[in-house]
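Secondary and tertiary structure notes
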Amino acid sequence: MAAPLEVVVSSDSGSQLWNCTVFDLHSGSSLLSYRGGNSAARSLAVLRGEFLLSAQLGKNFINVWEIQRKDQLQQKIVCPGVVTCLTASPDGAFLAAGVAEEVYLWEVCTGKLLAVLSRHYQDVTCLKFTDDSSHFVSAGKDNLALVWNVCSVVQMDLSHAPEPRHVLSRHSLPITDLHCGHMGAQARVATSSLDQTAKVWELSSGELLLSVLFDVEIMSVTFDPSEYFLFCGGRDGNIFQVSLCSQSLNREKSFQSDGEGNQVFKGHRSLVTCLSVSMDGTLLLSGSQDETARLWDVQSRQSVRCLAHKGPVTNAVIMAVSANMFLPDSRPAVPLPRFSRHLQAPEGPDAEGGGAWVRPALHAQLPLRPGLSS
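The text that follows walks through the structure, step by step, so that each part is easy to find. In this text the structure is predicted, and so the values were computed from the model without any measurement.

This paragraph deals with the sheet that holds strand β1 (residues 6-12). Strands sit in the order β3-β2-β1-β29 across an open sheet of four strands; the sheet is antiparallel. Edge positions in the open sheet fall to β3 (30-34) and β29 (313-320), since each of these has one partner strand only. Across this sheet, the average inter-strand angle for adjacent strands is 20 degrees, counted without regard to direction. The pairing of strand β2 (residues 20-24) with β3 spans four bridges and is classified as antiparallel. Of the residues in β3, the one forming a bridge with Phe23 is Ser30.

Structure (C-alpha cells):
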C-alpha cells in the first residue's frame, strides 16, 4: 500500500488574494488557494477531512470552506469576540476556539455550544486535542496549560463548572505554543514559552518530564512522529532540535548543540511562528515572520525549499491529503449546521433530575440510570 500523500497548508497575514495555500510537499508547487480574508495564528483546522476552517485575523468569526471548493466560503461561524486559536477533534465530533480568556466548545453534528470554560486568567493562545479526541489542552498568556477531559466538559449539568484534569503551572511567562504527541490519554505534551523554556509533560499524570532552557524566547514547538526529537522555534529565527533519547536523567537542562541529537537549524531571519513534521519524520516545516515557510531535511539540517509568502506566516502544517481535496465535484457527506453563540439548557430525561448525561459519541460508557445494575 502506497504511503499517504502529504501536502503543506499555510497562511500569512499579508496576502490580499487568498487566505490559505496548499503546496506540494516535494515539489513546492502551489496546488490550491482558499480565498477570503486572512487567518490568525494557530487557527487552521481540518474538520472530518471535508471542511477547512480558520479564524479571521483580528475578527470575531471563523471562516469555513468545503475543502474542495476553494473559491467560495461555505459559511462563517460568528463568535462572541476575537478568536485567538482554533482546533477540531480528530474524530470530527467537536470544535474548540479560544475567545479572550475563555474556551468555547461546540458539538459539530448539531452546532450546539456545549461549554464555555473560564479557567484561564488571560487570553488563550493555543488549543490542541489528543489524537484519540478524549482530551484537549488549552494554554494562555497566564502561563498556564490546562488539561481537559472531554467527557467531563460536555456532561450536561450546567450547575457545576467543569474542572481541568490537570493544571500545568511551571512556566513563568506566557505560553506561546503547545503540541500533543500520540497515544491519546497517555500522550506527552510539549509547551513553549516566553520564559525561554520548552517543557515536556505526561498528560495522564500532569507530571513535568523535561524542561529545556534556551538563550532566546521559544515561540513554537513540535515533536517528530516517533517522539525522538523535540523541535523548538526561537524568536531569533533559529530552530533547535532537542534529543529526547538522552541518557541524562536531569529533568532540567540548558540547550547545548552536540553530536548526540541536539542541533540547530539556521536560515530564518525572524522569529519562527509554527513548526510541523512529515509523517515519516524526514522533513521539518517551519513558518516565520520573515514571510517564508521552509522545508528542512531533518538528518542534514539543510533547507531544501523556501516557500515565499506575502506577509508573516501565521500557520504552516504538513497534513495528509483529504479524499475530497482534489475532487471539485464532491460534496461533504453531512453539511455543517449553524453554530450557536449561546449555551443551551440540557434536554432529555435527566434535564431536571440533576443526573449527568454523557453524549454517546465520546467513546465512553454512559452512566447507569438509578435502579439499574451492571
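Across all of its chains, the model carries eleven aromatic pairs by this definition. Taken together, a centroid distance of 5.1 Å and an interplanar angle of 40 degrees make the contact between Phe214 and Phe240 tilted. Placement of the pair is Phe214 in the loop between β19 (208-213) and β20 (218-223) and Phe240 in strand β22 (residues 239-243), with a sequence separation of 26 residues. With a relative accessible area of 8%, Phe240 lands in the buried category. Ring plane angle 65 degrees and centroid distance 5.2 Å describe the contact between Phe240 and Phe255, whose orientation is recorded as edge-to-face. Placement of the pair is Phe240 in strand β22 and Phe255 in the loop between β23 (252-254) and β24 (263-265), with a sequence separation of 15 residues. Just as Phe240 is buried, Phe255 falls in that class too. Among the aromatic residues, those joined into a cluster by ring pairs are Phe229, Phe231, Phe265 and Trp296. In this structure, Arg188 is placed above the aromatic ring of Phe223, and the distance from its NZ or CZ to the ring centre is 5.9 Å.

Turning next to the layout of surface pockets. Volume-wise, the largest pocket comes out at about 1400 Å³. If you list the elements that add at least two residues to the lining of the largest pocket, you get β4 (39-47), β8 (83-88), β12 (124-129), β16 (175-180), β20, β25 (272-277) and β29. A per-element tally of the lining of the largest pocket places β29 first, with seven residues. Here the lining of the largest pocket is built from residues that sort into 22 nonpolar, 15 polar and eight charged. Roughly 520 Å³ of internal volume is contained in the second largest pocket. Lining the second largest pocket are 23 residues, with Ala41, Arg42, Thr84, Thr125 and Thr176 sitting closest to its centre.

How each quantity is defined
- Throughout this description, residue numbers start from 1 for each chain and increase along the sequence as written.
- Totals for whole chains, interfaces and linings use all residues, but because this is a predicted model, local features are given only for residues with pLDDT of at least 70 and pairs of side-chain atoms are given and counted only at 80 or more.
- The side-chain quantities take in all heavy atoms of the structure and omit both hydrogens and water.
- Paired strands, in this sense, are two strands between which DSSP finds at least two bridges.
- Each helix corresponds to a stretch of at least 4 residues labelled H or I by DSSP, and each strand to a stretch of at least 2 residues labelled E; elements are numbered beginning at the N terminus.
- As a rule, the C-alpha atoms of each element are fitted with a line to give its axis, helices using only the stretch in contact, and angles between N-to-C directions run from 0 to 180 degrees.
- Put simply, two rings from Phe, Tyr or Trp (the six-membered ring, in Trp's case) pair if the centres are within 6.5 Å, and we call them stacked under 30 degrees between planes, edge-to-face over 60, tilted for the rest.
- Working definition: with a 1.4 Å probe on protein chains only, accessible area under 20% of the residue-type maximum means buried, over 50% means exposed, and in between means partly exposed.
- Should the NZ of a Lys or the CZ of an Arg lie within 6 Å of a ring centre and within 35 degrees of the ring normal, that charge is described as sitting over the ring.
- A 1.4 Å probe that fits into a set of points on a 1 Å grid over the protein atoms alone but cannot get out defines a cavity; an open set with protein on both sides within 12 Å along at least five of seven lines defines a pocket, and lining residues are those with an atom within 4 Å of a point.
- Grid points are joined across faces, edges and corners, and a volume is the space filled by probe spheres set on the points.
- Here the nonpolar group is Ala, Val, Leu, Ile, Met, Phe, Trp, Tyr, Cys and Pro; Asp, Glu, Lys and Arg are the charged ones; every other residue, Gly included, is treated as polar.

Such coordinate-based values are descriptive only and should not be taken to indicate function.
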